[in-house]
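Observations on the three-dimensional arrangement
One letter stands for each residue in the lines below.
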Amino acid sequence: MLEVQKVTFSYSAQGEQDAPPALRELDLRIEPGETIAIIGHNGSGKSTLAKLLAAILKPDKGTVLVDGLRTDAGGEDIWTIRQRVGIVFQNPDDQLVANTVIDDIAFGPENLRLPRFEIEERIQEAMALLGLQEYAQMAINELSVGQKQRVAIAGVLAMRPRYLLLDEPTTMISGHTGRNLLTTVQRLAEEQAIAVIHITHFMHEITSFKRVIVMDEGRMLMDGTPASVFARADELHAVGLDVPMITSLGKHLHAQGWPGLPEVVLSAEELKAGWLCSSN
Amino acid sequence: MLFELKNVQHTYLRGTPFAVDGLRGLSLSIQSDQTVAIVGPTKSGKSTLVDVLAGLIKPAVGAFFFEGADVGVPSFNIDRIRSSVGVVFQSPEAQIFEDTVGKDVSFGPRRKKLPLTESRRLVQESLEAVGLSYEDYRTRYTYALSGGQKRRVAIAGVLALEPKVIIFDEPTAGLDPRGRRELLDLIVKLKQRHSLTIIYMSSGLDDVIELADTIYVLDQGRLAFGGTPHEVLAHSAELAELDITLPEAAQIALSLRDIFPAMRTDVLNLAELEEEISKNRVLTVKAAPAQAVQPASGE
């Protein structure tokens, strides 16, 4: 379990004088195997939360626990924490370290000092999961951003984490490629019972998550299902977020007597289903 | 015509094993005072086109005209393009290099050796134009700015060069919905106030569908198709093939064809989508008796 207990964090210690707290007395629990989307505008504290969960940052006040281990305890625990919590950044160039695809994926397992055969097994598995086999020997700098992001995710999965943090991983990948990548990762995580914590400000990316957390000014503003979050459209607008167009459309059509609509529409499928139901 | 490209080809690192085709026979034209969007997936040639339009490279093959003058002839002074065209790059960090906002924005005017009062006026006007107060921001450190503020400073730095054309290279990448909305509004405002030509490079249609007068879609260094936003949306199958997602409204419209076969998919926004849905609801209700008979006779 990931536990955030009354955590306050500010970047003022990092040389930014008078920086307001990025997180304010935040409480949060994430169970193993859960899939959560965390949304908020730029500066709401969502990326800071990810870095605290990954033990990249330590809280000023309060405690962050990974399976009961404190991220600020020091000592050997930090390696256990780093292995259990994997993080994928916005820009894959920030986390790719080797020259070729296979070497990059091997980097993590090699540093765990695993036996050779197990390293090999993990590399092959991670490459297969993300469809990278044919790229194994390719140079990282010849890959597109989407392919690089796949390599970054494969490298993290090769560590066999229990928790996977995705910090706006599709920002640099357009179109279906980005969407497909997200779907792939969600499916993989579900198969392997890895918890996924997906950080984004794209509302259309969160409809498939069971739990959504909305952050604002370093605090948790909402915690619930996508439908319960989108039902509060006015509050979302007030903190600089939108609801998906399909939800706004659903609301208008509901008022105009479109048949069989749920209160909060999340997909065009729901519109179609309501229509077909009533016309048959 | 402001820019005209005819069969322009450009290969980087030509003659080496690393040769990359940026442009492979691109023809298009850009009119003054328009907002033109260039849309294409990665490696479609967008970045090379930015280099050509900004006068950073002369295309190796093909004809390139700027304000009617042939850029390819030796007598053409490339500075004519460079002093008319400003570029706002994708990551604002890439073009902010001074330690304070004032120094950064005044870099261009200082390079032009303008008198101090003139330079100060330009810096002040440029900062105010992007919504940053001159008094508040002049002495601020550039490294301590937020992403959105850095983007504004980068734009102010370009405005201080008094360009006729500004090229924006994926300017909203990484911004949240509000930041994106504000930046797009700013671009519209700047265009009107400074009578600029805007060239907007984008990998998707979402930002440009309501902004652009003309959209050109690139594919592997060539023009795939182009036209008004409505015309471009009519190419939904080709767009899908190029991995360019439709804007939300058009996507919903396309999906609703299952129940409304006559549904038009070239809708730019929620209002157009709702109008199209109302029309089709009326059509379907009128057609309903006929439809009700069909399944019965089929079974």
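Before going into details, it helps to say that this report is about the structure given with it. Nothing here was measured: the structure is a model prediction, and the numbers come from that model. (Residues numbered from 1 in each chain as written. Chains lettered and ligands numbered in written order. Predicted model: local features only at pLDDT ≥ 70, side-chain atom pairs only at ≥ 80, totals over all residues.)

What follows covers the overall build of chain B. Of regular secondary structure, chain B possesses twelve helices and ten strands. Summarising its shape, the C-alpha atoms of chain B cover approximately 85 × 50 × 35 Å along the three principal directions. A total of 299 residues make up chain B; the buried ones form 39% of that total. Sequence separation of 24 or more characterises 62% of the internal contacts of chain B that already satisfy a separation of 6 or more. (Helix = DSSP H or I, 4+ residues; strand = E, 2+ residues; numbered from the N terminus. Buried ≥ 20, exposed ≤ 12 C-beta atoms within 10 Å, placed from the backbone. Contact = placed C-beta atoms within 7 Å.)

Moving on: the sheet that holds strand E5 (residues 69-70) of chain A. Residues and elements named next belong to chain A. Ordered in space as E2-E1-E4-E5, the four strands form an open sheet in which the pairing is antiparallel. With partners counted over all chains shown, the strands left at the sheet margins are strand E2 (21-30) and E5, one partner each. Across five bridges, the pairing between strand E1 (residues 2-10) and strand E4 (residues 61-66) is antiparallel. From the neighbouring strand, Thr-8 faces E4, where its bridge partner is Lys-61. Contacting E1, E2 and E4, helix H1 (residues 46-53) crosses the sheet at an angle of about 120 degrees to E1. (Pairing = 2+ DSSP bridges. Axes fitted to C-alpha atoms, helices over the stretch in contact; angles between N-to-C directions.)

Residue and element names in this part refer to chain B. Among the five residues that make up strand E3 (residues 35-39), four are buried, leaving the element largely enclosed by the rest of the structure. Looking at chain direction, E3 and strand E8 (residues 197-202) are connected through five bridges and run parallel. By the bridge assignment for E8, Ile-38 is matched with Met-201. Pairing geometry for E3 and strand E9 (residues 214-219), over four bridges, is parallel.

Attention now moves to the interface of chain A and chain B. Between chain A and chain B, the contact holds 26 residues from the first and 29 residues from the second. Mapped onto the side of chain A that touches chain B, the elements with two or more residues apiece are helix H6 (175-191), helix H9 (245-255) and helix H10 (268-279) of chain A. Looking at the side of chain A that touches chain B, its residues break down into ten nonpolar, 13 polar and three charged. (Nonpolar A, V, L, I, M, F, W, Y, C, P; charged D, E, K, R; others polar.)

For the rest of this paragraph, the subject is the sheet that holds strand E7 (residues 163-167) of chain A. Residue and element names in this part refer to chain A. Sheet architecture is open: six strands sit in the order E6-E7-E8-E3-E9-E10, paired in mixed fashion. A single partner strand is all that each edge strand has here, and the edge strands are strand E6 (85-88) and strand E10 (219-224). In this sheet, neighbouring strand axes are inclined to one another by 20 degrees on average, regardless of whether the strands run parallel or antiparallel. In this structure, strand E3 (residues 35-39) lies alongside strand E8 (residues 195-200), joined through five bridges in parallel fashion. By the bridge assignment, Ile-38 is partnered in E8 with Ile-199. Strand contacts of H1: E3, E6, E7, E8 and strand E9 (211-216), with the helix running at about 150 degrees to E7, the strand carrying the most contacts.

Before going further, it helps to spend a moment on the environment of Asp-243 of chain B. Residue and element names in this part refer to chain B. Its location among the elements puts Asp-243 in the loop between helix H10 (236-241) and helix H11 (248-255). Overall, Asp-243 belongs to the partly exposed group, with 19 C-beta atoms counted inside 10 Å. On a C-alpha basis, the gap between Asp-243 and Pro-41 in space is 7.0 Å, while along the polypeptide they are 202 residues apart.

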